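Spelled out from the first residue to the last, the chains are:
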Amino acid sequence: MTDLFRYVPGNSVIHRLNPVTRLLVTIAVCVAAFVSGNLYYLAGLLAVDLLIGFIAGIPGKTLTIFKGLLKIALFLFVLQILLVRRGTPVLWIITDEGLLTAAKVVLRLVIVCMPLALILSVTKVSDLTNSLVQVLHVPYQYAFTLSTAIRFIPQFLEEMSMIMEAQTARGVAFDKARGLKKFSMILPLCAPLLISSLRRTDQTAAAAAVRGFSLRTRRSGYKQYPFTLLDLAAALCSALLIAGAILL
Amino acid sequence: MIEVKDLTFTYKDEKKPALQNISLTVPDGGFLGVIGPAGAGKTTLIRAVSGMIPHLFPGDFYGSVSVNGLDTFETSLPEISRLVGTVFQDVDSQIISPMVEDELLYGLENFGIPREEIPVRMEEALRKVGIADLRDRTIGSLSGGQRQKVAIASIVALRPQVLLLDEPTGELDPQSSRQVFSLLKELNEEQGTTVIVIEQKIMLLCEFSAQLAVLNQGRIAWQGDTRSVLLHAEELLALGVNCPRVTTLSRILSARLGEEQPVCTRPEEAEAMIRRLIR
């Protein structure tokens, strides 16, 4: 989980794109996936996803995310073929239309989920939020909410494991429980976690306030995010992806 | 100059005042150490001087606090923050950015520091705190001590006229603690920064701070220059504030010999005293 959001430094084409362009590509892939009804085109989009990961120089992570999504996809696939009741039966209660719909749903799911995870791993959160504020004029408060949320994910996990360790030290056997039992043991820990996070929120707000939170404007950012030819090329590719989806 | 006059503050929804009739003055370029048992009101004092009280923490506020002539009650918080930098006790809640570099940039960007000056200040702050190698790291990958240094660096980069630190060495090893205090001394002496620091390691306060204030149950038990406060060693001990061993030594010698010996705060002074007495 923490790994999913960890920034991977590099100097790939993707790294050099404007963060806003990266978002644009992500959105274009998603739009194309929903517009297109062509199974081959969807498969092609999936290839584009994987290609993005490889170009960004994170093949290992790309495959990890892909494999993780495949598990969910498999579950959805089975669910779909059992539920769709139209078309001619192929085997038992499975119909040809069921297979086709299931394949499309699953492909779309994977296609839509992957680019965001990939882009987030090669983009610093601060670059993303700063460029949103500077280029797209997103109010800083929203950008701040996003960046602090991501900042506190590892903090949360750290605290959770600390609370669990404290409980283990007092004889709670988390390691012996499985499934629902374990879940019911972890659930009560959410109260202390919530309380400590809420307390922290006040402190963090104060820390931001005494460092001029309210003085910040769109032009405050030190780093600049100019658009280059590379961004233009990426935008053209995005447009082509969507155009292809509409035409095919 | 920081002037606190008859300050009494009660947090909203609390019955007991956190601070009662506090009056203290820290001159420009002063160095005040604050010590006292838990719940004595040390953090509240820092909040009052930084303007967080009354601007962020509501409650009943009596008396006045002024920083370099600005009354904190009447001046807006960003205005006070330009003068006063605060390092919080809970480092994890102070750090708002996911990356070290962004954490340092945060205040610099907000206060509108000129673009060309920003990299200079960042490098200087990182170097002074001794974490230049951590610049590109994520906060999540740092140890507690490293995070504490990042928090300190992010405030030092702002070059505040007044620096407030709430137990800045809580997560640090003895060597890094000394390093932090050496840095405070350097800022204090070279740039004339006024420093107020809450610290439980009395030895560090004795060595570095000119003034000492002992807080207990929301009141100032003793304040004055460090040596004169240390004369109350026994009463301090009753509050749970230990004195350095050399101070205890000079006190015992004074009592045994029946003549007042100077209060020692450093081993070298104790050595000189003993040599003199032996002769």
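About the thresholds
Residues numbered from 1 in each chain as written. Chains lettered and ligands numbered in written order. Predicted model: local features only at pLDDT ≥ 70, side-chain atom pairs only at ≥ 80, totals over all residues. Helix = DSSP H or I, 4+ residues; strand = E, 2+ residues; numbered from the N terminus. Buried ≥ 20, exposed ≤ 12 C-beta atoms within 10 Å, placed from the backbone. Contact = placed C-beta atoms within 7 Å. Pairing = 2+ DSSP bridges. Axes fitted to C-alpha atoms, helices over the stretch in contact; angles between N-to-C directions. Domains from an automatic or database assignment. Expected span 1.5 Å × (residues − 1). Right-handed = clockwise from strand over helix to strand, strands pointing away.

1. Structural notes on the overall build of chain A
Along its length, chain A carries 11 helices and two strands. Along the chain direction, N to C, the helices and strands of chain A fall in the order α-α-α-α-α-β-β-α-α-α-α-α-α. Its C-alpha atoms give chain A principal-axis dimensions of roughly 65 × 55 × 30 Å. Here chain A holds 248 residues, and 27% of them are scored as buried. A separation of at least 24 residues holds for 73% of the contacts in chain A among residues at least 6 apart in sequence.

2. Looking at the sheet that holds strand β6 (residues 84-87) of chain B
All names here are of chain B. One open sheet holds the six strands; their spatial order is β6-β7-β8-β3-β9-β10, and the pairing between them is mixed. Two strands in the sheet have a free side with no partner beyond their single neighbour: β6 and β10 (219-225). Mean inter-strand twist for the sheet, computed between neighbouring axes without regard to direction, equals 15°. Summarising the sheet, strand β9 (residues 211-216) and β10 pair through six bridges and their orientation is antiparallel. Paired with Leu-215 across the two strands is Ile-220, which belongs to β10. The strands that helix α7 (residues 144-156) touches are β6 and β7 (162-166); relative to β6, the one it contacts most, it runs at about 175°.

3. Focus on the interface of chain B and chain A
With 29 residues of chain B in contact, the opposing surface of chain A contributes 29 residues. For the side of chain B that touches chain A, the secondary-structure elements that each account for two or more residues are α3 (77-83), α4 (91-94) and α5 (100-110) of chain B. Among the elements that make up the side of chain B that touches chain A, the one with the highest residue count is α5 of chain B (six residues).

4. Side note on the domain arrangement of chain B
Residue and element names in this part refer to chain B. Each domain of chain B was delimited in the assignment, giving domain 1 (2-229) and domain 2 (244-279). Just the C-alpha atoms count here: the centres of domain 1 and domain 2 sit 33 Å apart. Listing elements by their share of the side of domain 1 that touches domain 2, those giving two or more residues are α9 (202-208) and α10 (226-230). With four residues, α9 is the single largest residue contributor to the side of domain 1 that touches domain 2.

5. Thoughts on helix α3 (residues 19-35) of chain A
Residue and element names in this part refer to chain A. With 17 residues, α3 should cover 24 Å at 1.5 Å per step; its first-to-last C-alpha distance of 24 Å lies within 8% of that length. For α3, every residue scored as buried is listed here: Pro-19, Thr-21, Arg-22, Leu-23, Val-25, Thr-26, Ala-28, Val-29, Ala-32 and Ala-33. Against α2 (13-16), α4 (39-55), α6 (96-121), α7 (125-136) and α11 (229-247) lie the buried residues of α3.

6. With respect to the pairing of strand β8 (residues 194-198) of chain B
All names here are of chain B. In terms of burial, β8 is largely enclosed, as five of its five residues are buried. In the sheet, strand β3 (residues 31-35) pairs with β8 via four bridges, with the strands oriented parallel. Within the sheet, the bridge partner assigned to Leu-32 lies in β8 and is Ile-196. Taken together, β7, helix α8 (residues 174-190) and β8 form a β-α-β motif whose crossover is right-handed.

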